[in-house]
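Single-letter residue listing:
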Number of protein chains: 2
Amino acid sequence: MARSKPATLKDVAALANVSRATAARALNSYGYVGDETAQKVQAAAGKLGYRGNRLAQALRSGQLPIVGCILGDIQNPFFARIAHDIEVLARECGYNLVIGSSEEELGQEVSLLASLRSLSIRGFIVAPTSADNNAHLQGLIAENVPLILIDRVAEGVDCDSVVVDNEGGAHKAVEYLIAMGHRRIGLLQDDMRIFTSRERMTGYRTALGAAGIAPDERMIAVSQSTVEHAVDATIRLFSQKTPPTALFTVDSLMTQGALLAFRSMGISIPHNVSLIGFDDFNLATFTDPQITVVSQPVSEIGRAAARLLFDRLSGKTDAPQKLRFETKLIVRGSVSRRG
Amino acid sequence: MARSKPATLKDVAALANVSRATAARALNSYGYVGDETAQKVQAAAGKLGYRGNRLAQALRSGQLPIVGCILGDIQNPFFARIAHDIEVLARECGYNLVIGSSEEELGQEVSLLASLRSLSIRGFIVAPTSADNNAHLQGLIAENVPLILIDRVAEGVDCDSVVVDNEGGAHKAVEYLIAMGHRRIGLLQDDMRIFTSRERMTGYRTALGAAGIAPDERMIAVSQSTVEHAVDATIRLFSQKTPPTALFTVDSLMTQGALLAFRSMGISIPHNVSLIGFDDFNLATFTDPQITVVSQPVSEIGRAAARLLFDRLSGKTDAPQKLRFETKLIVRGSVSRRG
DNA sequence: AATGCGTGTGAGATCGATCTCACATGGCCT
DNA sequence: AGGCCATGTGAGATCGATCTCACACGCATT
């Protein structure tokens, strides 16, 4: 029973005894079509299970109803949530979603983008790996391809973006640690190419500065954003003669790494060390004590980005919107008063 | 400087003073082309930044180098991991990945599949929502579109699949609980339409049967696979006059829900209740005590599925392969001896 | 001289849907 | 009767890449 090839408009037209043009008119309801003819065409289409070839339509119109989404890593629950929300909205708008992981490699991001562009994809949502190096993104803007940046912005790329108040969040966290009597506050951070990493670092520095605490490079560890790397970095940080008394981690994977490292080193929270992580995560309330975090409105980000994108796709041409959501310090039990 | 339209083959041909046919030959290196001509064409293509329109190529060849992936929910870390692994392999093979969430709704799955099919997508990896209702999948097979089922198989759909030993895993878990002296063993399970849910339920039943324990419907709670629903279901289950002394949960989101429910009810693990979850998850080793789980080789599943798919895409036509990975009981501290 | 082959190139068809244009009707008005 | 509009339909062009076919040239063979 299997039709080896899906039915084409030509098949429908033939079955209905009309021309392709008429069939198209009947199916897409535009122009003049006789009632009776329209009926015939509809019937024929139904009988053949005609679906239309989106590829051909896309070639003709120059636009494929697919949006591209390039994120750091779908395994990070933060990005997974965002991807999910984007997909839901895309589906509602009749679009599909192509997802690519940059793995935080600029080269990967560039080639992925090139590959998706050659598909005539209509719009992109990107979490750029690099804050500086972004000719490829500027290229999109120059050719008027809708682009929304999320989680991070990129210098010289003038387009819609959705980020959170990283600096403020980090500032609040460190400020809180200082208020609790900590002076040697460690920072476990991500690669400095990454926008969020920079901003969170800035918040850390300004909070220290405001309290008159001199920055100390020995308090800062850099690691890739994976649990494993974070474990190593934490161990290094806390193997010093005078280790930090508190630690601020810049994302949830790193927070997990820190937790594992502390356990393996026999360091107990909050007695031996205090901990605040950026980005709330499922695990944070399951540990004992629960982890104090800076939370960001994850459920808003993807939806906001998708909405911005679909506004652009439907022709909006306002000045780029730069959304920035607030972050919130959620105090739980991982910070203790000191001295 | 922005070229508003990307360069086409015609542009390249014009600049190189040759016909489109010759330009195509030079760029794709087939047929006869003069050395000098080839050079000219390459140069022209370089100067124009010619990329080729994958849409047009796809229309011509009938095949778009994109694979479609329909999963339950990317937010579930299990699926996120799989999606990630598939994307990596796809990229290596020059494919992109379209992701859709079925949200465990058959209707959603069907319409998503239809929408992707009209893109002439070359192959699909699907975690089918329903074990029975799968005319849409049979349709793919009938039209020879490569399809790989993961995590779940579907009746009457004869194609490659990658699943784990759900029944065996569940059996081992429940057997262990019985060996530890438990007789009233609760089951927190997913919708019965779902293949894994059925198999895990079967393992639960056979283990009880082998120990001569009569099945008791009051020990079984059904919930959707979200943390919130699982909380409610657990509370219901443990609000009975004679609640279970142990609980087996069929996936990691439900295990999390159970943990939250127990906490809110003041039920302590493993003293008041023992717990085993199916699917290992990041949280499991962070709780106190750590959670005993049945683990599945998550990192294998996506890769295996992708490999099977690309084998099919490169023309392999063997009999369908049905891969089934082993599951393993990882004993931690959430089960106590009873009686 | 006639045939053949190896090499190189271009014209045009094709994939499927859509859109413009031209061409039919028929009815209505002046 | 002549003209005009509203309605309905089809032929053909278009999107961009690729592939088949035909053709042309030069050199070698009979």
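**Student:** Describe in detail the protein's contact with DNA strand D, supporting the description with residues and values.
**Tutor:** The full set close to DNA strand D counts 24 residues, and Thr22, Thr37 and Arg60 of chain A together with Leu9 and Arg20 of chain B are the nearest of them. The sugar and phosphate moieties of DNA strand D supply 59% of its atoms located within 4 Å of the protein. Asn28 of chain B is positioned with one of its side-chain polar atoms (N or O) 3.0 Å from a phosphate oxygen of DNA strand D. Here a base oxygen of DNA strand D sits 2.9 Å away from a polar atom, N or O, in the side chain of Arg60 of chain B. Sorting the residues of the surface near DNA strand D by element identifies helix H2 (20-28) and helix H4 (54-61) of chain A together with helix H2 (20-28) and helix H4 (54-61) of chain B as the ones contributing at least two each. Looking at the surface near DNA strand D residue by residue, the class counts come to 10 nonpolar, 9 polar and 5 charged.

**Student:** An account of the protein's contact with DNA strand C is needed here, citing residue identities and associated values.
**Tutor:** The immediate surroundings of DNA strand C are formed by 24 residues, with Leu9 and Arg20 of chain A together with Thr22, Thr37 and Arg60 of chain B found nearest. The contact atoms of DNA strand C, taken as those within 4 Å of the protein, divide so that sugar and phosphate hold 59%. Between Leu9 of chain A and DNA strand C, the recorded distance is 2.3 Å, taken from a backbone N or O atom to a phosphate oxygen. Between a phosphate oxygen of DNA strand C and a side-chain N or O atom of Asn28 of chain A, the distance comes to 2.9 Å.

**Student:** Lay out the relation of the copies chain A and chain B in plain terms, naming residues and giving numbers.
**Tutor:** If you rotate chain A by 180 degrees and push it 0.1 Å along the axis, it lands on chain B with an RMSD of 0.1 Å. The transformation just described matches what one would write down for a two-fold rotation axis. For chain A, the smallest separation between a C-alpha atom and the rotation axis is recorded for Val98 of chain A, amounting to 2.2 Å. Residue by residue, 98% of the interface of chain A is reproduced at the interface of chain B, so both copies engage with the same surface.

**Student:** How would you explain the domain arrangement of chain A if you had to name every residue and give the values?
**Tutor:** For chain A, the domain assignment lists domain 1 (1-44), domain 2 (63-164 + 298-325) and domain 3 (166-296). Computed over C-alpha atoms, the centres of domain 1 of chain A and domain 3 of chain A are 64 Å apart.

**Student:** Hey, could you go over the interface of chain A and chain B for me, with residue numbers and the actual values?
**Tutor:** Facing 51 residues of chain A, the contacting portion of chain B comprises 50 residues. For the pair chain A and chain B, the summed buried area comes to about 4500 Å², and 57% of that belongs to carbon and sulfur atoms. Looking at the side of chain A facing chain B, the largest losses of area belong to Leu55, Gln75 and Phe286 of chain A, adding up to 16% of the total buried there. Counting every contact that joins chain A to chain B gives 2 salt bridges. The salt bridge involving Arg91 of chain A is made with Glu103 of chain B; its shortest N-O contact spans 3.5 Å. At the surface where chain A touches chain B, the tally comes to 22 residue pairs in polar contact (both at pLDDT 80 or more). Looking at the side of chain A that touches chain B, the elements that each hand over two or more residues are H4, strand S1 (64-71), helix H5 (77-92), strand S2 (96-101), helix H6 (106-117) and helix H11 (252-265) of chain A.

Thresholds, definitions, all that
- Residues numbered from 1 in each chain as written.
- Chains lettered and ligands numbered in written order.
- Predicted model: local features only at pLDDT ≥ 70, side-chain atom pairs only at ≥ 80, totals over all residues.
- Heavy atoms only, no water.
- Near = heavy atom within 4 Å.
- Polar contact = N/O pair within 3.5 Å; in protein donor to acceptor, adjacent residues only side chain to side chain.
- Helix = DSSP H or I, 4+ residues; strand = E, 2+ residues; numbered from the N terminus.
- Nonpolar A, V, L, I, M, F, W, Y, C, P; charged D, E, K, R; others polar.
- Least-squares fit on C-alpha atoms with pLDDT ≥ 70 in both.
- Contact = heavy atoms within 4.5 Å.
- Domains from an automatic or database assignment.
- Buried area = accessible area lost by both parts, 1.4 Å probe.
- Salt bridge = Lys/Arg side-chain N within 4 Å of Asp/Glu carboxyl O.

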